[in-house]
Each structure stands twice: as structure tokens, then as C-alpha cells.
Amino acid sequence: MTLLDAVLSLSEAPARDEALQRILRALARVTAADALSVLTAAEDGSVGVAAQIGLSPAALGMSFRPAEHPRLRRATQAAGPIRFLDPSEPDPYSGWLLGNPGEIHPIHACMAVPLHVQGRLAGLLTLDACDPHGLRGLRDEDARVFAGLCAGALRLDAGAGPLDAGPASSGPAPASRPAGMQRIEREIAVLAPLSVPVLVTGETGVGKELVARALHERSPRASRALVIVNCAAIPAQLVESELFGHRRGAFTGATAARAGRFEAAHGGTIFLDEIGELPLSAQAQLLRALQEGEIQPVGEDRARRVDARVVAATNRDLRREVSEGRFRADLFHRLWVYPICVPPLRERREDIPALCERFAAELAAELGAGRVDFTEPALGALAQGAWPGNVRELKNAVERAVLRRTIAEGKSAAGRALVVRREDLDAIDGGAQERSLAPRIELPGERLRLADAPLGQPVELLAEALERARRDAFARAFRAAGGNAATAGRLLGLSRSFAYKEAVRLGLIPPAGPRKR
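Small disclaimer: the values here were computed from a predicted structure and weren't measured. (Residues numbered from 1 in each chain as written. Predicted model: local features only at pLDDT ≥ 70, side-chain atom pairs only at ≥ 80, totals over all residues. Heavy atoms only, no water.)

Now for the sheet that holds strand β12 (residues 309–314). Read from one edge of the open sheet, five strands run β8-β9-β12-β7-β13, paired in parallel fashion. If you trace the sheet from one side to the other, it starts and ends with β8 (226–230) and β13 (339–341), each paired once. Neighbouring strand axes in the sheet, compared pairwise and without regard to direction, differ in orientation by 20° on average. Note that strand β9 (residues 269–273) and β12 share four bridges and pair parallel. Paired with I270 across the bridge in β12 is V310. On top of the sheet, helix α6 (residues 208–217) reaches β7 (198–201), β8, β9, β12 and β13; it is set at about 165° to β12, its chief contact. (Pairing = 2+ DSSP bridges. Helix = DSSP H or I, 4+ residues; strand = E, 2+ residues; numbered from the N terminus. Axes fitted to C-alpha atoms, helices over the stretch in contact; angles between N-to-C directions. Contact = heavy atoms within 4.5 Å.)

What follows is the structure, given as C-alpha cells:
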């Protein structure tokens, strides 16, 4: 099954470096290697670390000149797998093993396999084991298979999978990627193997959850659970119970003991989305979990140990929340170890065409369509949109366009190719950022006053405005989906069950009757 997983990496991974990382993880499960890496060959003859397991995070992107390293020189000139038996030859990774900063003992197992693409050297696959017999169980034939998979991954277009379409690249970012996304990909590569908390910031819909998934999937915790918690969706009175659990009888309705989300994430990662919405009482418990690795379920006297890496996200300005007393300063500083700021889509328009094609392909698979293409005017209009709702808004717009094209042609999409035209798209606002629907960040010294509204114009209560906008959005989605909750939820970026419950609450669809037995 491990080899099958490695093979599937080539077809399922969104980009070259993610495929490499998955192949290395599969190889790690069948060997006793302490470190594995894939190095890619550059035009100047050097080789650089593109993916690795078991090395210090700082090794990623490190470059070597084979002429200065006897083992690398021999590996680049070899025709197949080569095992290094001469202990007098220095290992290029000496001092870089994770958890072993000292020199590698001269007597250890070391192996390299050249990666060839179309007859030329494309890189190297290397394996190191501190146990001198650690690689004895790996046959040369098996090493060739994994090397062939790595070589196949090197042929993937590294720019075809932007972060928003899947986990971020674990290796050096391609030069064609926007500078902001290259920075994020480097940050993920360095932070993923660590256990420090990470705070992901950015506007609504930019893909903060995907950054969290990438951090988890490239971490040593990848085999354990990633637990996602939307803090804004939990009623204030139930937050502590939801996060930390409760004992039976702790409060009205607690008819049985329940483990919280932190215990569910033990050994893995917990992603706290919209962390700025947590009440102060829960923030104190969260601080203890971060500092001491302990939680205290509601109603219990004793604390419990828990090992969960915390990744949090917010679209709020937490510094201002601290200054205005809505967020604990000590928790802010504990989370602010290394923040990752995800830029809005308008600052990385180069990603838009690839995102459109991916979203269209995903919906086409559900519709049974052969494929979905875009005319040049359609793709150009999408690329020039302001997209104040960022990736989430773009995804919804693409899916609406595909559905409109399917309906306009008046026949099943099964097995057919669809071509999205400009007229299938909504009116796309390519205007300036001041018309953005993203949360407005107030500058220091600036205050927005109701008195600034034009004379005689009534000011609608915020709660009423939000409820009206919510009702309108759900009504449009359910009309477009023909009343289908799953399709409406997809258009809104929500789950089917939540879309159905909200539509019932808003009176847009009748509640389901009792089931017949």
C-alpha cells in the first residue's frame, strides 16, 4: 500500500514539491532512514534541497556544489543507486540531522540514487541512517522505483498548484510565483516541522485554513488528527466545554462526560479559526494549554495533559483587540511567535487562472462533464476582478458560471466538454480597493462616526443589515441551486447541513417532516 501511495502522489499532489514530500513520506515508512531528501540540479551544476524529512528546517533550499563533496560528486556521475562505504568521505548533511546537531558518526548507512529526466541529470534522492545497517532492508530495485517516482514528480509544473488550490509547496517556490506567496511557502517549509504556535492572518476567504492544513501535513504530526474549530460558530456559553470537554453533570444538559477538541487533537494539530471571537474566559484556558500543555474540562478539579500543536487564524487586528480589552495581551504574545500573513487575491492575480481551472474541474467531476474550458474573454474578466471575498468568492463565481453554462445548453453535462463564456459570468467589479467588501481596518487616530452619515439618511442597525444580507445570499443560492441544499451550500462555501438548517431558520424552505417507519 505504501508504494501505491507514492504512485498516487504523482496524480493527486497539486504541485511538484508536494508530490516529492509525499513520496519521501511513503519511502520513510519502509526504511529505517533517519533522513531522506530530494535535491534538484541547477544549471550551474549545483544541487539544492527541494524536499526533505529528518533534516533541520534550515536545510530546505540549501545548495551544494558536487565538486566540493565527494559523495555528491560520485552520486551525480553514477548510473544507478550507490551506497557509500568509505567512512573517510564526509557526509554533506553532517550537523544538519534533526535532533542531532553534532557531526554524523563516520560509520553510518548512506545511499544516493541519481534522478534522470529525458536523459539528463535532474537531481538526487538521498537516504541516511545513523545505524550502519539501517538501509540493509532497502533493495536497489526498490530504491530505483522510488527514484523513478521522484523523477516523474520533477516533471510536474511547479507553478500549477497555487496555495489556495491545496497545501502549500514544501520546497523553494518557483520564480514565477508572486513574491507574497513565495514568502508564505518558505515560511510554511520552516515552521511545519516545529511545535511552536502559528497565527495566520488575512482577509476573509484568502485561504487561511489551507495554510493550516499545509503546516499540519508537512509536520511530524501528519499521521495524527487535524482538528478544525470555527470559534465564531460556538455559542459563548459552550466554548470551554467544546474546546476542553466537560464531566457529566457539570452543567444543565451535560448528561454524559465529553472530551473536548483539544483531546481529540492529542498528538496532532488543532486549528482555531476566527480566534478573535473567543471569550476572555476561554482565552485564559487556551493560554494554559499553550504554556503548560494542560487543559481542565468543565466541572473537573484536575488538569489533564494534552499535546496538540496550535495553529490559529483571524481576520481581525488583534493588536487593537488587545488595546481595547477584548483579547488577552499574554495570549496574543504567546500566539505571535511567528505570524503568517496571507495576501488578498487582488495582490496575486497570477494565481487566478490556475484557481479557476481547478474549481471548474472539481465541479465538472461532480456533474460528470468531460472537462471545462474558458474562453479568453471569460478568463481575462476573471483575472481582472477585484474579488473582495478573495478565493472563496472566486470559487463561487466560477461554479455559478459552470452551472449557468450547463443549464443554458439545456442538456446533461455528462461526458460533454463545457466552455464557459463571458456572458456566463456575473458582473465582475474590477474597481479600486475602496469598494472592497473586506473588513475595513481603521487607521490610528481615525474614527468612524454615525454622524458622518448624510443628513436625513436612516442608519440601519448592524444586526438587521447582516440578517437581511444573509437572507438575500441564501435566497439567491437556493434559487440558483433549484432548492438543492448541497449545491446551495457549495455556492455559499458552506456544508450541506449548515446551509439546510439556515435556510429553514430563515423560512426559505420548509423543515423536513418526521421520517416514516
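A sheet is described by the order of its strands in space; here six strands give the open sequence β3-β2-β1-β6-β5-β4, paired in antiparallel fashion. Whereas interior strands pair on both sides, the edge strands pair on one side only; in this sheet they are β3 (63–64) and β4 (82–83). Two strands pair when backbone bridges link them, and strand β1 (residues 35–41) and strand β2 (residues 47–53) are joined in this way by six bridges, in the antiparallel orientation. Within β2, the residue paired with V38 across the bridge is A51. Seen against the sheet, helix α2 (residues 16–28) touches β1, β2 and β6 (120–129) and runs at an angle of roughly 55° to β2.

Next up on the list: the nonpolar core. Counting 30 residues, the largest nonpolar core has L20, L115, L125 and L127 as the members making the most contacts within it. In this structure L115 touches V38, R120, L121, A122, G123, L124, L125, A147, C150, A151 and L154, once residues within four positions along its chain are discounted. Of all hydrophobic cores here, the second largest spans 29 residues; its members include I275, L278, L331 and F332. (Core = buried A, V, L, I, M, F, W, Y, C linked by side-chain atoms within 4.5 Å. Buried < 20%, exposed > 50% of the residue type's maximum accessible area, 1.4 Å probe, protein only.)

Next up on the list: the pairing of strand β14 (residues 371–374). Here β14 shows a buried face lined by V372 and F374 and an unburied face lined by R371 and D373. Bridge count for β14 against strand β15 (residues 417–420) is four bridges, and the pairing is parallel. Residue pairing for β15: V372 is matched across the bridge by L418.

What follows deals with empty space enclosed by the protein. One pass over the full model with this rule turns up two cavities of 30 Å³ or more. Estimates place the volume of the largest cavity at around 70 Å³. In this structure, the largest cavity is lined by R71, L72, F84, D91, P92, Y93, C110, M111, A112, T126 and D128. Of all the elements in the fold, those that place two or more residues in the lining of the largest cavity are α3 (70–77), β5 (109–117) and β6. A per-element tally of the lining of the largest cavity places β5 first, with three residues. Partitioned by chemical class, the residues of the lining of the largest cavity number seven nonpolar, one polar and three charged. (1 Å grid on protein atoms, 1.4 Å probe; cavity = no way out; pocket = protein on both sides within 12 Å on 5 of 7 lines; lining within 4 Å. Points joined across faces, edges and corners; volume = space filled by probe spheres on them. Nonpolar A, V, L, I, M, F, W, Y, C, P; charged D, E, K, R; others polar.)

Opposite charge on two side chains permits pairing when their charged atoms draw close. The final tally for this structure, using the stated rule, is 28 salt bridges. As a salt-bridge pair, D91 and R71 come within 3.6 Å of each other at their nearest N and O atoms. Note that D91 is positioned in the loop between β4 and β5 and R71 in helix α3, a separation of 20 residues in sequence. Judged by relative accessible area, D91 falls into the buried class, the value being 9%. What makes R71 buried here is its relative accessible area of 3%. In this structure, a network of salt bridges that share partners links the residues E277, R316, E321, E324 and R326. (Salt bridge = Lys/Arg side-chain N within 4 Å of Asp/Glu carboxyl O.)

Below, the discussion takes up the packing of helix α12 (residues 352–367) against helix α14 (residues 390–408). α14 packs onto α12 with a crossing angle of 50° between their chain directions and a minimal axis gap of 9 Å. Judged on the interaxial angle alone, α14 and α12 are oblique. As for how α12 packs across α14, the hand of that crossing is right-handed. Here α12 contributes I352, L355, C356, F359, A360, E362, L363 and L367 to the contact with α14, which in turn contributes V391, L394, K395, V398, E399, V402, L403 and T406. Here the contact of α12 with α14 is built from residues that sort into twelve nonpolar, one polar and three charged. (Parallel < 35°, antiparallel > 145°, perpendicular 65-115°, else oblique. Left-handed = near helix turned anticlockwise from the far one by under 90°.)

Here we take up the packing of aromatic side chains. Across all of its chains, the model carries three aromatic pairs by this definition. Here the guanidinium or amino end of R319 rests over the ring plane of W336, the centre of that ring lying 4.9 Å away. A cation over a ring is seen here: K395 above F359, with NZ or CZ 5.9 Å from the ring centre. (Phe/Tyr/Trp six-rings, centres within 6.5 Å; stacked < 30°, edge-to-face > 60°. Lys NZ or Arg CZ within 6 Å of the ring centre and 35° of its normal.)

A separate point is the environment of G134. Mapped onto the elements, G134 comes out in the loop between β6 and α4 (140–154). Those residues in contact with G134 that sit more than four places away from it in its chain are A32, A109 and A129.

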